[in-house]
Amino acid sequence: MEALIKKRIKQVIKGDQDAFAEIVEIYSNGIYQLGFRMLGNRHEAEDIAQEAFIRAYVNIKSFNQDLKFSTWLYRIATNLCIDRIRKKKPDYYLDAEVSGTDGLTMYSQLASNSPLPEKELESLELQESVQKEILKLPEKYRSVIVLKYIEELSLNEISEILDLPLGTVKTRIHRGREALRQQLRYV
Amino acid sequence: MKCDEEIVELMHEYLDDEIEPQNEMILRDHLKSCKECETIFNEFKKTIAVVKGTSRMQSPPNFTAKVMASLPKERKKVGMQRWLRNHPLIAAASLFLVLMTGSVFSTWNQEREFSVSKQENLVIQNDTVIVPEGEVVKGDVVVRNGVLKIEGEVQGDVTIINGEKYLASAGHVTGQIEEVNEVFDWIWYHMKRIAFEVVDIFNEGEE
Ligand SMILES: [Zn+2]
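What you are looking at is a predicted structure, and each value in this text was computed from that prediction instead of being measured.

1. Remarks on the overall build of chain A
Then, number 1: Looking only at helices and strands, one finds 10 helices and zero strands in chain A.
Then, number 2: Long-range contacts, defined as pairs at least 24 residues apart, comprise 68% of the intrachain contacts of chain A with a sequence gap of at least 6.
Then, number 3: In the form shown here, chain A has an accessible surface area of approximately 9200 Å², with 51% of it arising from carbon and sulfur atoms.

See the structure below:
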């Protein structure tokens with residue numbers, strides 16, 4: 001897979017734009033997911049994911065081909081997410097939290113329209129509380145938790161993506177995990 | 001009883017898959033004997049399970065196409081290379097016709113003189129052609145070996161061969177703008193014209 005990506009990157013650098021489509025295809029779900037869990041709504045997730053790929057394309061020549069492409073791409077995307085979280089004004093933040101529960105609207109719609117088995121409703125509710133608690137985490141804990149448990153990346157990769165020492169990443173994961181435990185232990 | 005922070009630290013090490021074997025023994029022994037820590041440990045494991053268990057999102061339909069459409073335009077030559085690759089027969093046929101009919105190379109070398117298509121409201125100053133502001137020039141404008149300044153409107157295609165163009169902010173071209181600046185482009189320009197005539201499927205490969 002890395003070999004295929006490297007080959008496509010070389011083609012893109014030569015100017016073959018079409019070769020980039022495959023790269024987008026491979027990482028689009030992961031990057032979109034990162035945006036959704038970091039920002040809490042689909043619209044912003046799509047926005048940020050698009051921007052991440054466009055930035056990767058525009059800056060592809062500055063990508064060090066000895067490194068893993070995904071690490072570089074995740075770094076671009078995570079930075080965009082963190083920037084956006086920091087720029088959010090308090091009232092907008094509240095907005096995002098409300099729209100961040102768009103699964104909940106889905107849940108209420110589903111509940112009224114089609115009778116779902118009890119179990120699935122429960123799991124939708126659970127999904128909602130988990131998403132809400134992740135969004136409540138301060139951005140520095142949120143990013144490590146999302147990268148570790150949603151994107152399932154290794155601590156080393158996370159440290160490279162965030163450009164932080166491994167020890168700092170661990171401390172943040174511990175704090176994030178503790179905060180989530182406090183909130184989610186009774187769900 | 002309040003347990004040592006160290007035990008929670010060991011839990012984190014365990015959860016990060018980084019615990020030393022002897023520490024894992026200490027942790028296990030402690031959890032067997034301490035209800036409080038066992039509860040915390042189980043809460044951690046449950047928390048991780050529910051976070052990992054959130055459903056995986058799919059990027060929206062057409063996401064890739066949208067990204068591809070928002071990328072800055074690629075350079076012309078690669079577009080041409082891809083077109084050649086995808087249409088080798090038409091390309092070969094066009095090239096053959098180019099070489100048969102027009103002596104492309106000699107025309108490239110000979111046609112070094114300034115020339116411009118004839119439209120009456122074009123303003124010509126030495127080697128510079130101006131589409132004046134407020135004027136509408138009808139038909140395709142072709143400038144060879146000169147500079148084209150577009151301040152008004154061109155209703156048609158613009159082709160600049162071995163020259164430069166400046167499009168003012170008020171300037172507007174309804175058709176396509178094409179610049180031909182190298183022998184390579186020059187052949188390409190001829191091939192495209194012939195390809196257009198040979199088959200009418202020429203709609204990719206260009207920019
Ligand atoms: Zn204990």
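2. Describing helix 9 (residues 155-162) of chain A
Residue and element names in this part refer to chain A.
Then, number 1: Taken across its eight residues, helix 9 has six buried, putting it largely inside the fold.
Then, number 2: Listed in full, the buried residues belonging to helix 9 are Leu-155, Glu-157, Ile-158, Ser-159, Ile-161 and Leu-162.
Then, number 3: Phi for Asp-163, located one or two positions after helix 9, is positive at around 55°.

3. Overview of the pattern of salt bridges
Then, number 1: Under the criterion given, the structure shown has 16 salt bridges over all chains.
Then, number 2: For Asp47(A), the salt bridge goes to Arg84(A), with nearest N and O atoms at 3.0 Å. With Asp47(A) in helix 3 (residues 42-58) and Arg84(A) in helix 4 (residues 69-87), this residue pair connects regions lying 37 residues apart in the sequence.
Then, number 3: Look at Asp47(A) and you get partly exposed, because its relative accessible area is 35%.
Then, number 4: The partner of Asp16(B) in a salt bridge is Arg177(A), and the shortest N-O contact between them spans 3.0 Å.

4. Here we look at a nonpolar patch on the surface
Residue and element names in this part refer to chain A.
Then, number 1: A contiguous nonpolar patch, built from Met-1, Leu-4 and Ile-26 and spanning about 260 Å² of accessible area, is present on the exposed surface.
Then, number 2: Structurally, the position occupied by Leu-4 is in helix 1 (residues 2-14).
Then, number 3: Taking relative accessible area as the criterion, Leu-4 reaches 30% and is therefore assigned partly exposed.

5. Comments concerning the packing of aromatic side chains
Then, number 1: With the rule as written, the count across this model stands at seven aromatic pairs over all chains.
Then, number 2: Ring geometry for Tyr27(A) and Phe69(A): centres 5.7 Å apart, planes at 50°, overall tilted. Of this pair, Tyr27(A) sits in helix 2 (residues 19-39) while Phe69(A) sits in helix 4; the two residues are 42 residues apart in sequence, bridging distant segments of the chain.
Then, number 3: Accessibility expressed as a relative area gives 9% for Tyr27(A), which makes it buried.
Then, number 4: The exposure class of Phe69(A) is buried, given its relative accessible area of 0%.
Then, number 5: Relative to Trp72(A), the ring of Phe69(A) lies with its centre 5.9 Å away and its plane at 50°, an arrangement referred to as tilted. One end of the pair is Phe69(A) and the other is Trp72(A), both in helix 4 and three residues apart, which spans about a single turn. For the pair shown, Phe69(A) and Trp72(A) are each scored as buried.
Then, number 6: One cation-aromatic arrangement involves Arg181(A) over Phe44(B); the distance from NZ or CZ to the ring centre is 5.2 Å.

6. Section: the confidence of the model for chain B
Residue and element names in this part refer to chain B.
Then, number 1: With 76% of its residues at a pLDDT of 70 or more, chain B shows a mean pLDDT of 80.
Then, number 2: In the predicted structure, residues 200-207 sits below a pLDDT of 50 and forms 16 contacts with residues beyond four places in sequence or in another chain.
Then, number 3: Two numbers describe this predicted complex: its pTM, 0.63, and its ipTM, 0.82.

7. A short note on the sheet that holds strand 4 (residues 136-138) of chain B
Residue and element names in this part refer to chain B.
Then, number 1: If you trace the three strands from one edge of the open sheet to the other, you get 4-7-10, paired in parallel fashion. Looking along the sheet, the strands with just one partner apiece sit at the ends: strand 4 and strand 10 (172-173).
Then, number 2: Across three bridges, the pairing between strand 4 and strand 7 (residues 153-155) is parallel. Bridge pairing in strand 7 links Val-136 to Glu-153.

The rules behind these values
- The residue numbering used here restarts from 1 in each chain and proceeds along that chain's sequence as written.
- Throughout, the order in which chains and ligands are written sets their labels, letters from A for the former and numbers from 1 for the latter.
- Reporting of local features is limited, given that this is a predicted model, to residues whose pLDDT is at least 70; pairs of side-chain atoms are given and counted only at 80 or more, and all residues count toward the totals for whole chains, interfaces and linings.
- Hydrogens and water molecules were not included; the side-chain quantities draw on all heavy atoms of the structure.
- Secondary structure follows DSSP: runs of H or I at least 4 residues long count as helices, runs of E at least 2 residues long count as strands, and numbering of each begins at the N terminus.
- Note on contacts: a residue pair qualifies if any of its non-hydrogen atoms lie within 4.5 Å across the two residues.
- Computed by Shrake-Rupley with a 1.4 Å probe, the accessible areas treat only the displayed protein chains as cover when residues are assessed.
- A 1.4 Å probe rolled over the protein chains alone gives each residue an accessible area, and that area as a share of the maximum for its type sets the label: buried under 20%, exposed over 50%, partly exposed in between.
- The term salt bridge refers to a side-chain nitrogen of Lys or Arg lying within 4 Å of a carboxyl oxygen of Asp or Glu.
- Nonpolar side chains (Val, Leu, Ile, Met, Phe, Trp, Tyr) are joined into patches within 5 Å and like charges within 9 Å, using only residues with over 30% relative accessible area and no salt bridge.
- Side-chain rings of Phe, Tyr and Trp, where Trp is taken by its six-membered ring, are said to pair if the distance between their centres is within 6.5 Å; with planes under 30 degrees apart they count as stacked, over 60 as edge-to-face, and otherwise as tilted.
- In this scheme, Lys NZ or Arg CZ marks a charge over a ring once it lies within 6 Å of the ring centre and within 35 degrees of the ring normal.
- One number per residue, pLDDT, summarises how confident the predictor is, and it ranges from 0 to 100.
- By this definition, two strands are paired if DSSP reports at least two bridges between them.

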